[in-house]
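Structural description and commentary
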Amino acid sequence: QVQLVESGGGLVQAGGSLRLSCAASGLTFSSATMGWFRQAPGKEREFVAATNWGGGSVYYVDSVKGRFTISRDNAKTTVYLQVNNLTPEDTAVYYCAAATQLPYGSTRYQEGYAYWGQGTQVTVSS
């Protein structure tokens with residue numbers, strides 16, 4: 001079975017940083033598109049970032065560009081999300097997701113991701 005396990009969340013002050021990790025197993029990680037989504041209380045889950053199988057293409061929601069960096073280590077079957085200069089608006093549960101086949105142009109849409117982690121909480125205090 002496919003399993004995605006996130007870690008690295010926590011409580012930080014505004015302006016702080018975290019490195020979220022997602023360890024994947026049970027899938028051909030090197031061929032998968034890996035994405036990060038987040039969901040704040042009372043809000044819908046939103047796309048944050050994604051990277052294709054080789055890490056050569058990355059995508060970010062506008063609100064995190066310049067602050068967040070997605071990367072992957074195929075040898076370790078792990079995807080990371082470095083989150084810098086955090087603000088309270090970044091407070092959410094962050095989910096890792098994996099997709100093996102995404103239609104062209106669908107990277108930002110959660111419907112295309114078949115596998116999801118349990119989420120890791122990021123809380124940013126002011």
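Let me begin by describing the structure that accompanies this report. It should be emphasised that the depicted structure is a prediction, and the values quoted were computed from it without experimental measurement. (Residues numbered from 1 in each chain as written. Predicted model: local features only at pLDDT ≥ 70, side-chain atom pairs only at ≥ 80, totals over all residues. Heavy atoms only, no water.)

1. Focus: the environment of glutamine 110
Inclusion rule: Helix numbering and strand numbering both begin at the N terminus, where a helix is a DSSP run of H or I of at least 4 residues and a strand a DSSP run of E of at least 2. Relative accessibility thresholds used throughout: buried, under 20% of the residue-type maximum; exposed, over 50%; partly exposed, between the two (1.4 Å probe, protein chains only). Contacts were defined at the residue level, with two residues in contact if any of their heavy atoms lie within 4.5 Å. In protein, a polar contact means a hydrogen-donor-capable atom and an acceptor-capable atom, both N or O and within 3.5 Å, with residues adjacent in sequence counting only if both atoms are side-chain atoms; elsewhere, any N or O pair within 3.5 Å suffices.
When you line up the elements, glutamine 110 lands in the loop between strand S9 (92-99) and strand S10 (115-116). Classification of glutamine 110 by relative accessible area gives partly exposed; the value is 23%. C-alpha separation for the pair glutamine 110 and serine 63, spaced 47 residues apart in sequence, amounts to 18 Å. The residues touching glutamine 110, leaving out its near neighbours within four places in the chain, are Phe37, Arg45 and Trp116. A polar contact of 2.4 Å, which involves the side chain of glutamine 110, links it to the side chain of arginine 45.

2. Quick notes on the state of the cysteines
Heads up, the condition is: Disulfide assignment relies on a single distance test, namely cysteine sulfur atoms paired within 2.5 Å.
A complete count under the given rule lists one disulfide for this structure. Disulfide partner of cysteine 22: cysteine 96, at an S-S distance of 2.1 Å. Taking the torsion about the S-S bond as the criterion, the cysteine 22 to cysteine 96 disulfide, at about -75 degrees, is left-handed. In this pair, cysteine 22 is assigned in strand S3 (residues 18-25) and cysteine 96 in strand S9, connecting sequence segments 74 residues apart. Under the relative-accessibility criterion, cysteine 22 is labelled buried at 0%. For cysteine 96, a relative accessible area of 0% translates into the label buried.

3. Considering the nonpolar core
Put simply, the rule is: Definition of nonpolar core: a set of buried residues of the types Ala, Val, Leu, Ile, Met, Phe, Trp, Tyr and Cys, connected through side-chain atoms within 4.5 Å.
Judged by nonpolar contacts, the single largest core of 35 residues is most densely connected at Met34, Trp36, Val48, Phe68, Val79, Leu81 and Tyr94. A per-element tally of this core places S9 first, with six residues.

4. A few points about the layout of surface pockets
Operational definition: Only protein atoms enter the 1 Å grid used here. Points where a 1.4 Å probe fits but cannot escape make up a cavity, open sets with protein on both sides within 12 Å along at least five of seven lines make up a pocket, and a residue lines them when an atom lies within 4 Å of a point. Grid points are joined across faces, edges and corners, and a volume is the space filled by probe spheres set on the points. Each residue gets one of three labels, nonpolar for Ala, Val, Leu, Ile, Met, Phe, Trp, Tyr, Cys and Pro, charged for Asp, Glu, Lys and Arg, and polar for the others, Gly among them.
Roughly 170 Å³ of volume is contained in the largest pocket. Of the residues belonging to the lining of the largest pocket, the class tally is five nonpolar, six polar and no charged.

5. Digging into the side chain of threonine 107
Following the sequence through the fold, threonine 107 ends up in the loop between S9 and S10. Once residues within four sequence positions are removed from consideration, threonine 107 is found in contact with Thr33, Phe47, Ala50, Tyr59, Leu102 and Tyr113.

6. Concerning the environment of aspartate 62
Inspection of the secondary structure puts aspartate 62 in the loop between strand S6 (58-60) and strand S7 (68-73). Taking C-alpha positions, aspartate 62 is 26 Å from serine 31, a pair spaced 31 residues apart along the chain. Side-chain polar atoms of aspartate 62 contact the side chain of lysine 65, separated by 3.0 Å.

7. A few points about the packing of aromatic side chains
Spelled out, the test is: Centres within 6.5 Å make a pair out of two Phe, Tyr or Trp rings, where for Trp the six-membered ring is used; the pair is then stacked when the planes are under 30 degrees apart, edge-to-face when over 60, and tilted otherwise. Think of it as a cone above the ring: NZ of Lys or CZ of Arg counts as a charge over the ring if it is within 6 Å of the ring centre and within 35 degrees of the ring normal.
Within this structure, the stated rule accounts for four aromatic pairs. An angle of 80 degrees between the planes, with centres 5.2 Å apart, marks the rings of phenylalanine 37 and tyrosine 113 as edge-to-face. Residue phenylalanine 37 is found in strand S4 (residues 33-39), and its partner tyrosine 113 is found in the loop between S9 and S10; the two are separated by 76 residues along the sequence. With 5.0 Å between their ring centres and 55 degrees between their planes, phenylalanine 37 and tryptophan 116 make a pair best called tilted. One end of the pair, phenylalanine 37, is in strand S4; the other, tryptophan 116, is in strand S10, and 79 residues separate them in sequence. Residue phenylalanine 37 is classed as buried on the basis of its relative accessible area, which comes to 1%. Aromatic ring contacts, followed pair by pair, group Phe37, Phe47, Tyr113 and Trp116 into a single cluster. The side chain of arginine 19 reaches across the aromatic face of tyrosine 80, ending 3.9 Å from its centre.

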